[in-house]
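Chain residues, written in single-letter form:
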Amino acid sequence: MELFENPDALPVFSGGGEEAGIFLVDTHCHIDGAEYDRDRDEMIARAGRAGVRLLVNMGDSLESSRRSVKLAARYKNVYTGVGVHPEEAFPFTQADDDRLAAWAGETRVVAVGEIGLDYYWEKDQDRRQLQRDIFVRQLALARDLNLPVCIHDREAHGDLLKILQTEGKENRGVVHCFSGSLEMARELLKLGWYLGVDGPVTYKNAKKGLEVLREIPLDRLLLETDSPYLTPHPYRGRRNEPGLVRLVAEKTAELREISLAELAEQTTRNARDIYGLDK
């Protein structure tokens, strides 16, 4: 993927953003990394012009979480989560718990995340067990801190659902970039979880995801980019960024047969409800 593209080639949204009163939230991005060091200020400004007014940056390692806390302190429209992604799983100590808890006490930290399970890359059973152990440990931390969680789930649907129905039954939050079945979505909705939708809904091969998207109650839906990954069509292959959540919103509104304004209003309300934004 080309990470440093010409920002002048980004889309100009015909419906307007700020000037049209559209208010969108990118509830899941990773803009703390080096991919954005060249143009971070301009990229955040572009998001605003597309109507993307608030961003939630997710930490995915201890180092990323540290950067994310600093990022949220610098930009008034950026919030953050802190946590360790399953691909970064390692045996936690009490010192690691304490470090995450200390960061979580910062005023603009709104979640424990990105945490979860990823069996796509990890085939070793001992490493998968470590992922489960660290996931459960971070769920407990979130409960202790009274924070929602942001969950990554890739080809680990059965184990993830089992954990949420047992150890995680008192947690709340979002399963980000939901890729499970309609049946799994229904089970998660029964438990009160939100589901995130990202760039893949714009892809030509997104048939299963579109079926699920049509079924998710509007008051349980969140919009995401997962920047710099999962760039929506027609910009696949390039670096993603929060302003492109506008394309996810437009496709979702089309599929739900509602206006962009209605979708923006409800998903922004959802983001505020689960993450406490702007309160």
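Each remark here, short or long, concerns the structure printed above.
Position labels on residues start from 1 in each chain and follow its written sequence. Whole-chain, interface and lining totals are the exception, using all residues; otherwise, since this is a predicted model, local features are given only for residues with pLDDT of at least 70 and side-chain atom pairs are given and counted only at 80 or more. Values reported for side chains reflect all heavy atoms of the structure, with hydrogen atoms and water molecules removed beforehand.

Secondary structure elements follow DSSP: runs of H or I of four or more residues count as helices, runs of E of two or more count as strands, with numbering from the N terminus. Looking only at helices and strands, one finds 9 helices and 8 strands in the protein. Both definitions apply: the radius of gyration is a C-alpha atom measure, and the globule rule equals 2.2 Å times residues to the power 0.38. Relative to a compact globule of 279 residues, whose C-alpha radius of gyration would be 19 Å, the protein shows 18 Å and is just as compact. Across its three principal axes, the protein shows a C-alpha extent of roughly 50 × 40 × 35 Å. Counting over 279 residues, the protein shows a buried share of 57%. Residues count as neighbours in contact if any of their non-hydrogen atoms are within 4.5 Å of one another. Counting contacts in the protein only where the partners sit at least 6 residues apart, residues at least 24 apart contribute 75% of the total. Of the roughly 12300 Å² of accessible surface on the protein, 47% is carried by carbon and sulfur atoms. For the protein, the distance from the average site of its 38 positive side-chain charges to the average site of its 48 negative ones is 2 Å. Each residue's exposure class comes from its accessible area (1.4 Å probe, protein chains only) as a fraction of the maximum for that residue type: buried when under 20%, exposed when over 50%, partly exposed otherwise. To be clear on the numbers: accessible area is Shrake-Rupley with a 1.4 Å probe, and residue cover counts the displayed protein chains and nothing else. Charge assignment: positive for Lys and Arg, negative for Asp and Glu; neither His nor the chain ends contribute. The location of each charge is read from NZ of Lys, CZ of Arg, CG of Asp or CD of Glu.

Each pair of aromatic rings is reported with the distance of its centres and the angle of its planes. Here a Phe, Tyr or Trp ring, Trp counted by its six-membered ring, pairs with any other such ring whose centre lies within 6.5 Å, and the pair is stacked when the planes are under 30 degrees apart, edge-to-face when over 60, and tilted otherwise. All told, the structure shown has 2 aromatic pairs when counted by the stated rule. When the centroid spacing of 4.9 Å and the interplanar angle of 35° are considered together, the rings of Phe90 and Phe92 count as tilted. Phe90 sits in the partly exposed class, given a relative accessible area of 24%. Overall, the relative accessible area of 8% leaves Phe92 in the buried class. Measuring from ring centre to ring centre gives 4.8 Å for Tyr120 and Trp121, while their planes differ by 85°; the resulting arrangement is edge-to-face. Classification of Trp121 by relative accessible area gives exposed; the value is 57%. A cation over an aromatic ring shows up here: Arg128 above the ring of Tyr119, its NZ or CZ 4.2 Å from the ring centre. We call a charge positioned over a ring when the NZ of a Lys or the CZ of an Arg lies within 6 Å of the ring centre and within 35 degrees of the ring normal. If you follow Arg236 out to its NZ or CZ, it ends over the ring of Tyr203, 3.6 Å from the centre.

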